[in-house]
Amino acid sequence: MAVTRIYSTLVFVVAALIALVLGFSPKFGALIRTIPGPVLGGVSIVVFGLIAIAGARIWVQNRVDFAENRNVIDAAVTLVLGAGDFTVKLGDFTLGGIGTATFGAIILNALLRGRSTA
């Protein structure tokens, strides 16, 4: 959203549906596998960097007070879980780094809410 400046949720719902449909297409998967690994690595760096900086931008715009330890802990744990691709496996279910970071942030925020630790 930050790059395209398109903020319509409908656009993102349609894009998600198209991505789901393409995910079930073996021909599309074969096309993606033709992209060299270093190119996908570079794209991943840009995408994850944009996600991280968008999060930082949200913190700045909402004037998150990092003088409070609970905010620092929440941000630090979330960034490490996401950047470190901390994966959780429960049986056949796997939750990758971004998912783990998201749930980690939600859980920490709920646990530390209302507690001033500054």
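If you're wondering where the values come from, they're calculated on a predicted model, not measured in any experiment. (Residues numbered from 1 in each chain as written. Predicted model: local features only at pLDDT ≥ 70, side-chain atom pairs only at ≥ 80, totals over all residues. Heavy atoms only, no water.)

### A look at the environment of Asn-71
Right, on to step 1. With respect to the helices and strands, Asn-71 occurs in helix 4 (residues 69-83).
Right, on to step 2. Residue classification places Asn-71 among the buried residues on the basis of a relative accessible area of 17%.
Right, on to step 3. Distance in space between the C-alpha atoms of Asn-71 and Asn-109 is 8.3 Å, their sequence separation being 38 residues.
Right, on to step 4. If we ignore the near neighbours within four places in the chain, the residues touching Asn-71 are Val-64, Asp-65 and Phe-66. (Helix = DSSP H or I, 4+ residues; strand = E, 2+ residues; numbered from the N terminus. Buried < 20%, exposed > 50% of the residue type's maximum accessible area, 1.4 Å probe, protein only. Contact = heavy atoms within 4.5 Å.)

### Overview of the pattern of salt bridges
Right, on to step 1. Under the definition given, this model contains one salt bridge.
Right, on to step 2. Two residues, Arg-70 and Glu-68, come together in a salt bridge whose shortest N-O distance is 2.9 Å.
Right, on to step 3. Look at Glu-68 and you get buried, because its relative accessible area is 17%. (Salt bridge = Lys/Arg side-chain N within 4 Å of Asp/Glu carboxyl O.)

### Looking at unusual backbone geometry
Right, on to step 1. For Arg-63, which is not glycine, the phi torsion reads 50° and is therefore positive.
Right, on to step 2. The exposed category is assigned to Arg-63, whose relative accessible area is 72%.

The values reported here are purely geometric and, on their own, carry no functional implication.
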